[in-house]
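Breakdown of the fold
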Amino acid sequence: MPELPEVEVVRAGLAPAAVGSLITAVSVLDERALTRHTPGPADFVARLEGRTFTDAARRGKFLWLPLDSDDSALIAHLGMSGQMLLRSPDAVTERHERIRISIEHPLHGELAIVFADQRTFGSLAVDHLVVDGPTAVPTQVAHIARDPMDPHFDDAGFRVALRRRSSAIKRVLLDQQVISGVGNIYADESLWAARIHPETPASSLSTQSVSRLLAEVRTVLAKALAEGGTSFDAQYVNVNGQAGYFAHSLNAYGRGGQPCPRCGTPIRREAFMNRSSHYCPRCQRRR
DNA sequence: ACGCGCCCCTGACCGC
DNA sequence: TGCGGTCAGGGGCGCG
């Protein structure tokens, strides 16, 4: 569930169960799920068991659960196919279950947080928190730009960053060090909404265009979040295993050959960065 | 320093 | 039915 709306759905779903919960046991079924935790599985378990989650936070596509009594947090990156599922303590092992964290909440009782991940690009880690302006973030997240839903996102700084980049605007939207949380789906959707061709050099966009694009990014992300995120299959689900509805609202992504909802011209699909770009050749002219 | 191509991994789907 | 090729929401790394 990798882009900002899907990760936010997971964060919001975990929060009521995790915050205030005591970690009673941790089992690592597949060490590949700890590639971000270099000290290894034993250290990972030792840093969690007996601790309490105090919050549930997110920046871009990273989410983390801060721990009590020192400045550390359990961090999660879902990669392409990661899931964080809330299960009863006796739930059977998930097909692609990698890590299970057993918790006890003062009101809800015993639960399990299950990290399942088909493609193993996602991973968990325990990391130290560092101060980043008005907030604290794990060290592994410190290099990630604030996301556009962050109240401290710097709109003017974003405009300046784009002016300095000669790369295609879509490439820059996907650069998590410039703006975080946007992935392939929402980059295509935002560019379609702002009527900007994905190959347009970022530096050639007017201030007005950049402002319009940023507004559309926020609109698209907010709508997707309100609809529970985008799910094409069972890989992308909330903490209860339920899919989101935003796939029905997509205007460009995944719609190659189908008519543009605005003008009827067939949406074009092109290879881009080992992925695909979807855009309307009429509404989104190259300049 | 940067921008870009490639790689990590599993499974679904398609055409032969 | 089986097999090989292609494709998928991610990011990191090494090269030029």
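What you are looking at is a predicted structure, and each value in this text was computed from that prediction instead of being measured.

A word on the protein's contact with DNA strand B
In the neighbourhood of DNA strand B, the contacting residues comprise R32, R95, H96, Q118, R119, T120, F121, R165, S167, R171 and N274. The sugar-phosphate portion of DNA strand B accounts for 59% of its atoms within 4 Å of the protein, the bases making up the rest. Between DNA strand B and Q118, the relevant distance is 3.0 Å, taken from a base oxygen to a side-chain nitrogen or oxygen of the residue. Counted by class, the surface near DNA strand B contains one nonpolar, five polar and five charged residues.

Some points on helix α1 (residues 4-18)
For α1, with 15 residues, the first-to-last C-alpha span of 20 Å sits near the 21 Å given by 1.5 Å per residue. Following α1 by one or two positions, G20 adopts a phi angle in the positive range, close to 90°.

Things to note about the nonpolar core
Generally speaking, soluble globular proteins have nonpolar side chains that are buried together. In this structure, F44, I101 and L124 are the most contacted members of the largest nonpolar core, which totals 32 residues. Examining the composition of this core, we find that six residues originate from one element, α1, more than from any other. Those residues in contact with L124, other than ones at most four positions away along the chain, are A33, L34, R36, H37, F44, L74, I75, A76, M84, I99, I101 and F115.

Examining the sheet that holds strand β1 (residues 22-28)
With respect to topology, four strands assemble into an open sheet ordered β1-β6-β7-β5, the strand pairing being antiparallel. The sheet terminates laterally at β1 and β5 (82-87), the two strands that pair on one side only. Going from strand to strand, the sheet's axes swing by 15° on average, the running direction of each strand aside. As paired strands, β5 and strand β7 (residues 109-117) are joined by six bridges and run antiparallel to one another. The partner of G82 across the bridge, within β7, is D117.

Here we look at the environment of L22
Turning to its location among the elements, L22 is positioned in strand β1. In this structure L22 comes out as partly exposed when scored by relative accessible area, which is 35%. C-alpha of L22 to C-alpha of I103: the two residues are 81 residues apart in sequence and 5.4 Å apart in space. Apart from the residues lying within four places of it in its own chain, the contact partners of L22 are G50, R51, T52, S102, I103 and E104.

Let's talk about the environment of D43
Here D43 is to be found in helix α2 (residues 41-48). Separated by 83 residues in the primary sequence, D43 and V126 have C-alpha atoms spaced 9.0 Å apart.

Some details on the UniProt feature "binding site: DNA" (unreviewed entry) in chain A
In the numbering used here, UniProt assigns the "binding site: DNA" (unreviewed entry) feature to H96, R119 and R165. Taken along the chain, the residues just named run across 70 residues; in space they spread out, the farthest C-alpha pair reaching 39.8 Å. Inspection of the secondary structure puts H96 in the loop between β5 and β6 (97-105). In this structure H96 comes out as partly exposed when scored by relative accessible area, which is 23%. Residues within four places of H96 in sequence aside, it is in contact with F115, A116, D117 and Q118. Relative to the helices and strands, R119 resides in the loop between β7 and β8 (123-132). Contacts of R119, omitting those with residues within four sequence positions, involve M80 and S81.

Digging into the UniProt feature "active site" (unreviewed entry) in chain A
In the UniProt entry, the feature "active site" (unreviewed entry) is given for P2, E3, K61 and R275. Positionally, E3 belongs in the segment before α1. Accessibility expressed as a relative area gives 8% for E3, which makes it buried. Each residue touching E3, except ones within four places of it in the same chain, is listed here: K61, G181, V182, G183, N184, I185 and Y186. When residues no more than four places from it in sequence are discounted, the contact partners of R275 are N184 and E270.

Quick word on the protein's contact with DNA strand C
Lining the immediate surroundings of DNA strand C are 22 residues, of which G183, T230, Y236, Y253 and R275 lie closest. Sugar and phosphate atoms constitute 48% of the interface atoms of DNA strand C, taking the interface as everything within 4 Å of the protein. E3 places a polar side-chain atom, nitrogen or oxygen, 3.5 Å from a sugar or linking oxygen of DNA strand C. Contacts to DNA strand C include K61, whose side-chain N or O atom sits 2.9 Å from a phosphate oxygen. The set of elements that each furnish at least two residues to the surface near DNA strand C consists of α5 (184-193) and β11 (275-279). Taken together, the residues of the surface near DNA strand C sort by class into seven nonpolar, nine polar and six charged.

Analysis parameters
Residues numbered from 1 in each chain as written. Chains lettered and ligands numbered in written order. Predicted model: local features only at pLDDT ≥ 70, side-chain atom pairs only at ≥ 80, totals over all residues. Heavy atoms only, no water. Near = heavy atom within 4 Å. Polar contact = N/O pair within 3.5 Å; in protein donor to acceptor, adjacent residues only side chain to side chain. Nonpolar A, V, L, I, M, F, W, Y, C, P; charged D, E, K, R; others polar. Helix = DSSP H or I, 4+ residues; strand = E, 2+ residues; numbered from the N terminus. Expected span 1.5 Å × (residues − 1). Core = buried A, V, L, I, M, F, W, Y, C linked by side-chain atoms within 4.5 Å. Buried < 20%, exposed > 50% of the residue type's maximum accessible area, 1.4 Å probe, protein only. Contact = heavy atoms within 4.5 Å. Pairing = 2+ DSSP bridges. Axes fitted to C-alpha atoms, helices over the stretch in contact; angles between N-to-C directions. UniProt positions renumbered as here; feature names shortened; annotations may be inferred.

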